[in-house]
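Structural overview
The chain contents come next:
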Amino acid sequence: MKNFEHKVAVITGASGGLGRAFADQALSRNMRLVLGDVRNDALQATLAELKAQGAEAVALAGDVSKPEYVAALAELAQSAFGAAHLVFNNAGVGAGGLVWENTLKDWEWVINVNLWGVIHGVRTFTPMMLESAKQDPSYEGHIINVSSVAGLIAPHLLGAYNVTKHAVVALSESLYHDLA
């Protein structure tokens, strides 16, 4: 994308870390912001701070591991601002320890947020973005699936996290090839 002005950025995990940094960068480019995070208090504080800086922004708290939440976030984006142009599938969690000692609950939590959250984002936003491109030949859009160095190497004591981040890299590369 060359022009970010008044385009729409959807950011999960928006109330802290990379998500907040993405929001700050999008605001500096005068983008409209659709913010999501599981932590409602932190999300509302982030929304208020960004609006105080002049952002056109809306927010919806929820869990990206739930497809209905990601669909609601997409509906909020569409109703508030129109088509999404940048989607940052950023929400992520981690559980450390030896892979055989992580509980089933640990594994499910990390996989549900880190992998299923990205899958839900891709499945929800890609068709919407493709439809926007059909309707407007000048439309440009990007989906950014946040992984980490753990998507390329496998550090010790981070088995569940490593598994999900490798999967996000594979999903992202598959999406790239499927769109090509």
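Read on for an overview of the structure. Computed from a predicted structure; not experimentally measured.

**Re helix H3 (residues 67–81)**
Residues lying three or four places apart along an α-helix face the same way, a consequence of the helix completing one turn every 3.6 residues. In this model, H3 (15 residues) spans 21 Å end to end at C-alpha, consistent with the 21 Å of a helix rising 1.5 Å per residue. Looking at H3, one finds that the buried residues are Tyr69, Val70, Leu73, Ala74 and Ala77. Viewed along the axis of H3, the buried residues span an arc of 140°, placing them on a single side of the element. Facing away from the buried side of H3 by more than 90 degrees, the exposed set consists of Glu68, Glu75 and Ser79. Looking at the buried residues of H3, the elements they touch are strand E1 (8–12), strand E2 (32–37), strand E3 (57–61) and helix H4 (104–135).

**Notes on the sheet that holds E2**
Strand order in the open sheet made by the five strands is E3-E2-E1-E4-E5, with parallel pairing throughout. Unpaired on one side and paired on the other, E3 and strand E5 (142–145) mark the two borders of the sheet. On average, each strand axis in the sheet is inclined to that of its neighbour by 10°, with strand direction left out of account. With three bridges connecting them, E1 and strand E4 (residues 86–89) associate as parallel partners. When the sheet's bridge partners are listed, Val10 is paired in E4 with Val87. Sheet strands touched by helix H1 (residues 17–28): E1, E2 and E4. Its angle to E1, the strand with the most contacts, is close to 170°.

Conventions we followed
- Residues numbered from 1 in each chain as written.
- Predicted model: local features only at pLDDT ≥ 70, side-chain atom pairs only at ≥ 80, totals over all residues.
- Heavy atoms only, no water.
- Helix = DSSP H or I, 4+ residues; strand = E, 2+ residues; numbered from the N terminus.
- Expected span 1.5 Å × (residues − 1).
- Buried < 20%, exposed > 50% of the residue type's maximum accessible area, 1.4 Å probe, protein only.
- Arc of directions from axis to C-beta.
- Contact = heavy atoms within 4.5 Å.
- Pairing = 2+ DSSP bridges.
- Axes fitted to C-alpha atoms, helices over the stretch in contact; angles between N-to-C directions.

As far as function goes, none of this settles anything; it's purely spatial.
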